[in-house]
Amino acid sequence: MSSAKPRLRFAPSPTGYLHIGGVRTALFNWLWARKTGGTFILRIEDTDQERSTPENEQIILRDLSWLGLNWDEGPDVGGPNGPYRQMERLALYHSFADKLIEKGGAYRCYCTKEELDAQREAVKAKDPKGQFRYPGTCRDRKPPYPERPYVVRLKAPSSGTITYNDLVFGEVSTPNNTQQDWVLIRNDGVPLYNFGCVIDDITMGITLVARGRDHMINTPIQLILYEALGYTPPQFAHLPMMLAPDGTKLSKRHGAVAVGEYREKGLTPDGLLSYLVRFGWSFGDEEIFTKQSLVEKFDWERCSKSDGKFDFKKLAAVAFEHLKRDDLTSAKDYVDGAEKFLTKKGFANIDRNKIEEAMPMIRERAQTFIEAADALDYFFREPPTMDEKAVKKQLTADKAAHLATFRQLMANAPSFKAKELEAIVLEWLAKEGLTLKDVAQAARVAVTGRAASPGLFEVMEVLGRDICLARLDRGIEICKGSAQA
RNA sequence: GGUCCCAUCGUCUAGCGGUUAGGACAUCGGCCUCUCACGCCGGUAACGCGGGUUCGAUUCCCGCUGGGAUCGCCA
């Protein structure tokens, strides 16, 4: 390899949301570019005009940005090798196609779709398992008169073998006799994947192509094109597939597959990336990473070849770890995230200090910011939403007396610190021959509206005396039946 | 079916000829405890099969089996 800096690209087609499998691919390319001081390019492969939309392109850019996988050249930032949308590069493809035709590496094919469909069916009729291969009808045919629309076909070699050295799979060979004269450019002038991809990789100076293993079948064809065009191909690194838990292709019916869904659930970018990077790469037993640590540690040698199955529970655990640890999510980022998700729930004028005070107890029980916002709910809602089942079970008539005493102790406590409140209550309980169990649950429901919460006294300290007394009063009323939950 | 690729606990994986086959998630016990979590301790659980090579194979080679990808004027 030359000493030139690596140039890598992520080339999604804007035919849908950004898929987590696509993120994994983007991540590996990005990592190598960042590790080597190379260039990471974002190219939009929008030649499928049926399904590509500008909205999808925007979603892809937004989600990639959210993940922090920034690009040096791309449709929005431009760059010296633009444009970065294939539909804006049509003239380029045509000029390469013309050159290739001149060199005898490709030819114009005037067969109609109907003719080919008929041939395809004929093959099927003779042998249901047989596969149709274009017979090269137009290889040496003169253009018809009058001229009609044509496709450009590759003049594929029928003998020999294509071999390349894959960075993760090693040496891969494919016999050419399985190739055929693939269509390079459709009759509407729009290139097909293999052609557009190769021309772009050539003209954008791509030195290494890392992509999913599902593309491995395309590599020999692309290599044939490089050869025919007279260019040195880039290196290839194919990545094992990310499959659904049932071993089939990961799709919507298996759960969340769009990056946006994870952002909306409140995972952190690095949390998601930490999980995704382990599909096809590992660094000993480590599984919690930051982008920075990945840039340092990543290399192709540590890539694996076997496909992996997605495990949503494991992702949740990894994401949780990222949210829990303050060296991975700073206090400020945590408060920012919690505030954002509280806002989404409809809260306004949120007291960030209160979030910060409650944060330590929320952190160890919220796996996502959505859960954090939920756990924070009763700190900001007045009165708190009362869980019906919890009320029914705990705020019963027989609890009224104890709760009233509890309330008085809270009212008279010299300070409102968790430790002191607990000491006061414990002292009273000891005198009465009771335990915390006898009052804590009812008090918890009164104060938080829920059957489960962080430590009662910690919660009360953050809530403050006034709010706690008001909530306890209401709880006592409910016990007596003089108030509804 | 053709072509390409893969193969360690249920899952992600460590392992790069000699290990009591390790970790994490999940799962099952237990501890902690005002609930829920967190945390801690412990258990169950894997080298697909058959041949080679070797003093010795999870590790190297071959075959089988199993799985996946792909066979479009989609990408």
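Calculation rules
Residues numbered from 1 in each chain as written. Chains lettered and ligands numbered in written order. Predicted model: local features only at pLDDT ≥ 70, side-chain atom pairs only at ≥ 80, totals over all residues. Heavy atoms only, no water. Helix = DSSP H or I, 4+ residues; strand = E, 2+ residues; numbered from the N terminus. Buried < 20%, exposed > 50% of the residue type's maximum accessible area, 1.4 Å probe, protein only. Pairing = 2+ DSSP bridges. Contact = heavy atoms within 4.5 Å. Polar contact = N/O pair within 3.5 Å; in protein donor to acceptor, adjacent residues only side chain to side chain. Phe/Tyr/Trp six-rings, centres within 6.5 Å; stacked < 30°, edge-to-face > 60°. Lys NZ or Arg CZ within 6 Å of the ring centre and 35° of its normal. pLDDT = per-residue confidence, 0-100. Salt bridge = Lys/Arg side-chain N within 4 Å of Asp/Glu carboxyl O.

### Quick look at unusual backbone geometry
A cis geometry characterises the amide bond from tyrosine 145 onward to proline 146, with omega recorded as -5°. With respect to the helices, strands and loops of the structure, proline 146 is situated in the loop between α4 (113–126) and β4 (151–154). Cis geometry marks the peptide bond from glutamate 382 to proline 383; its omega dihedral reads -5°. Residues other than glycine seldom take positive phi values, yet asparagine 349 does so here, at roughly 50°. Accessibility expressed as a relative area gives 79% for asparagine 349, which makes it exposed.

### Some remarks on the pairing of β4
Where burial is concerned, the two faces of β4 agree: the one with Val151 and Arg153 and the one with Val152 and Leu154 are both buried. Two strands pair when backbone bridges link them, and β4 and strand β7 (residues 183–185) are joined in this way by 2 bridges, in the antiparallel orientation. Counterpart to arginine 153 in the pairing with β7 is valine 183.

### Some remarks on helix α12 (residues 352–363)
Every buried residue belonging to α12 is among Lys354, Ile355, Ala358, Met359, Met361, Ile362 and Arg363, and all of these are buried. Residues of α12 that are buried make contact with α10 (312–324), α11 (331–344), α13 (369–380), α18 (456–463) and α19 (465–480).

### Thoughts on the side chain of glutamine 180
For glutamine 180, the position within the fold is in the loop between β6 (170–175) and β7. A polar contact of 2.8 Å, which involves the side chain of glutamine 180, links it to the backbone nitrogen of tyrosine 134.

### Regarding the packing of aromatic side chains
Centre distance and the angle of the planes are the two values used to describe a pair of aromatic rings. Evaluated as defined, the whole model comprises 20 aromatic pairs. Judged by centre distance (4.8 Å) and plane angle (65°), the ring pair of phenylalanine 310 and phenylalanine 312 falls under edge-to-face. Cluster of aromatic residues (ring-pair linked, three or more members): Phe28, Trp32, Trp281, Phe283, Phe289, Phe298 and Trp300. Sitting above the plane of the phenylalanine 28 ring, arginine 24 keeps its charged end 5.7 Å from the centroid. Above the plane of the ring of phenylalanine 380 lies lysine 354, whose end atom (NZ or CZ) is 5.6 Å from the centre.

### Section: the confidence of the model for chain A
For chain A, the average pLDDT comes to 95, and 99% of its residues sit at 70 or higher. Of the two predicted TM-score estimates for the complex, the pTM is 0.95 and the ipTM is 0.96.

### Some thoughts on the pattern of salt bridges
Under the definition given, this model contains 38 salt bridges. For arginine 62, the salt bridge is made with aspartate 63, and the minimal N-O distance between the two is 3.1 Å. By relative accessible area, which is 1% here, aspartate 63 ends up buried. For glutamate 321, the salt bridge goes to arginine 325, with nearest N and O atoms at 3.7 Å. On the basis of relative accessible area, glutamate 321 is assigned to the partly exposed category, the value being 24%. Ionic contacts of the salt-bridge type, sharing partners, join the residues Arg9, Arg43, Glu45, Arg89, Asp200 and Asp201 into one network.

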